[in-house]
Amino acid sequence: MAAGGPAAAQDVRGLENCSAEKQIDRRTSCLQANVDYLQQALQKTMRETRQKMNAAQAQIAALHAEAASLARAIGELRRKLDELDAKKPAAEPEK
């Protein structure tokens, strides 16, 4: 499609084709109904996206907390391993 050329028509479920209306008041009403529909669809999509983002953020926070807990557990295990290594008697020389 060339720049500035006519755009191809695209069917959108819920929108009416207002170009068929000859009376200006009916065409205006039709266009307003389309605007209202699109605004409602946009608001619904924004709400759903916000809910998904909030759920994802909560999941990320939980994973960060779990990672921190695992890091502490690993640190504790390393400390205990170091203690065990320090208590281990020195290796006897081979005969």
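Residues numbered from 1 in each chain as written. Predicted model: local features only at pLDDT ≥ 70, side-chain atom pairs only at ≥ 80, totals over all residues. Heavy atoms only, no water.

Colleague: Looking at this model, I keep getting lost on the pattern of salt bridges. Mind explaining?
Modeller: Proximity of charged atoms lets side chains of opposite charge pair with each other. Using the criterion set out here, one finds three salt bridges in the structure. In this structure, glutamate 21 and arginine 26 form a salt bridge, with 3.0 Å as the shortest nitrogen-oxygen distance. Across the pair glutamate 83 and arginine 79 runs a salt bridge whose closest N-O atoms are separated by 2.3 Å. With glutamate 83 and arginine 79 both in helix H1 (residues 24-87) and four residues apart, this pair spans about one turn of that helix. According to the relative accessible area criterion, glutamate 83 is partly exposed, its value standing at 37%. A single network of salt bridges, built from pairs that share partners, joins Glu76, Arg79 and Glu83. (Salt bridge = Lys/Arg side-chain N within 4 Å of Asp/Glu carboxyl O. Helix = DSSP H or I, 4+ residues; strand = E, 2+ residues; numbered from the N terminus. Buried < 20%, exposed > 50% of the residue type's maximum accessible area, 1.4 Å probe, protein only.)

Colleague: Would you take a moment to explain the environment of glycine 14 for this structure?
Modeller: Relative to the elements of secondary structure, glycine 14 occurs in the segment before H1. Spatially, the C-alpha atom of glycine 14 lies 9.6 Å from that of alanine 41, the residues being 27 residues apart in sequence. Here glycine 14 is in contact with Asn34 and Tyr37, once residues within four sequence places are set aside. (Contact = heavy atoms within 4.5 Å.)

All we've got here are geometric facts, nothing functional implied.
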